[in-house]
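# Reading the structure
Residue strings, one per chain:
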Amino acid sequence: MPAVTSCGLSNFQQEILNRLNQARAASRMCGNTLYQAAAPLAWNGKLFDAAAGHSLDMANNNYFSHTSQDGRSFSQRISDAGYAWSAVGENIAAGQRTVEDVMNGWLQSPGHCANIMNGSFTEVGVSCVSNDASSYKQYWTMDLARPR
């Protein structure tokens, strides 16, 4: 995995997968909703490509949104990356410098936590792109899905 799409963090893919699957291994409250433990997620290269493209776009164009500046939604970006999905979701974050920090933030946010705990999702790709000239410096995208 290129350093540019992992914020230069060592063992990025394995650390993300370990933390995601550790979170999914036990039931968890996301806001006021109890989610049961979910099966581990597998890494998917096409989901990573979609996530990396969005993180790069946000970092290079200094914005933070699920909607690309060209108007595409995350589901469109994932389809454009060649992933045929039956269920899809996305978490984004900005400014966190470590996998631990971004995961803690996502798990404390009810909507992001619900995506992580959603048993419909079986695959994931996560990217982080740094740009010191941008407002948040680091831009994270997690794309989750189930293939068709």
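Keep in mind that what you see is a predicted model, and the values were worked out from it rather than measured.

Turning to the overall build of the protein, a few remarks are in order. The secondary structure content of the protein amounts to 5 helices and 6 strands. Secondary structure elements of the protein occur, N-terminal to C-terminal, as α-β-β-β-α-α-β-α-α-β-β. Computed over the C-alpha atoms, the radius of gyration of the protein is 14 Å, within 12% of the 15 Å expected from 2.2 N^0.38 for a compact globule of 148 residues. Across the 148 residues that make up the protein, the buried fraction comes to 45%. Restricting to contacts in the protein with at least 6 residues of sequence separation, those with at least 24 account for 70%. A total of about 6800 Å² of accessible surface is found on the protein, and carbon and sulfur atoms cover 46% of it.

As a further point, take unusual backbone geometry. If you check the backbone angles, Asn11 has positive phi at about 55 degrees while not being a glycine. With respect to the helices, strands and loops of the structure, Asn11 is situated in the segment before α1 (12-24). Residue Asn11 is classed as exposed on the basis of its relative accessible area, which comes to 61%. The backbone of Asn62 shows a phi angle near 55 degrees, a positive value even though the residue is not glycine. Mapped onto the fold, Asn62 is located in the loop between α2 (45-61) and α3 (74-80).

What follows deals with the environment of Arg148. Locating Arg148 in the fold gives a position in the segment after β6 (138-147). Taking the relative accessible area as the measure of exposure, Arg148 reaches 74% and is therefore exposed. Taking the C-alpha atoms as reference points, Arg148 and Gly89, 59 residues apart in sequence, are found 14 Å from one another. Arg148 has contacts with Ala84, Trp85 and Ser86, leaving out every residue within four places of it along the chain.

Okay, the sheet that holds strand β5 (residues 123-130) next. Pairing is mixed across the open sheet formed by 4 strands, whose spatial order is β3-β5-β6-β4. With one partner strand each, in any of the chains shown, β3 (42-43) and β4 (85-94) form the two edges of the open sheet. Sheet topology places β4 next to β6; 9 bridges connect them, and they run antiparallel. Considered in β6, the bridge of Glu90 is made with Asp143. Contacting β3, β5 and β6, α1 crosses the sheet at an angle of about 130 degrees to β5. In this fold α2 packs onto β3, β4, β5 and β6, with an angle of close to 25 degrees to the strand it touches most, β5.

Here is what the cut-offs are and how they apply
Residues numbered from 1 in each chain as written. Predicted model: local features only at pLDDT ≥ 70, side-chain atom pairs only at ≥ 80, totals over all residues. Heavy atoms only, no water. Helix = DSSP H or I, 4+ residues; strand = E, 2+ residues; numbered from the N terminus. Rg over C-alpha atoms; globule rule 2.2 N^0.38 Å. Buried < 20%, exposed > 50% of the residue type's maximum accessible area, 1.4 Å probe, protein only. Contact = heavy atoms within 4.5 Å. Areas by Shrake-Rupley, 256 points an atom, 1.4 Å probe, with all protein chains shown as cover. Pairing = 2+ DSSP bridges. Axes fitted to C-alpha atoms, helices over the stretch in contact; angles between N-to-C directions.

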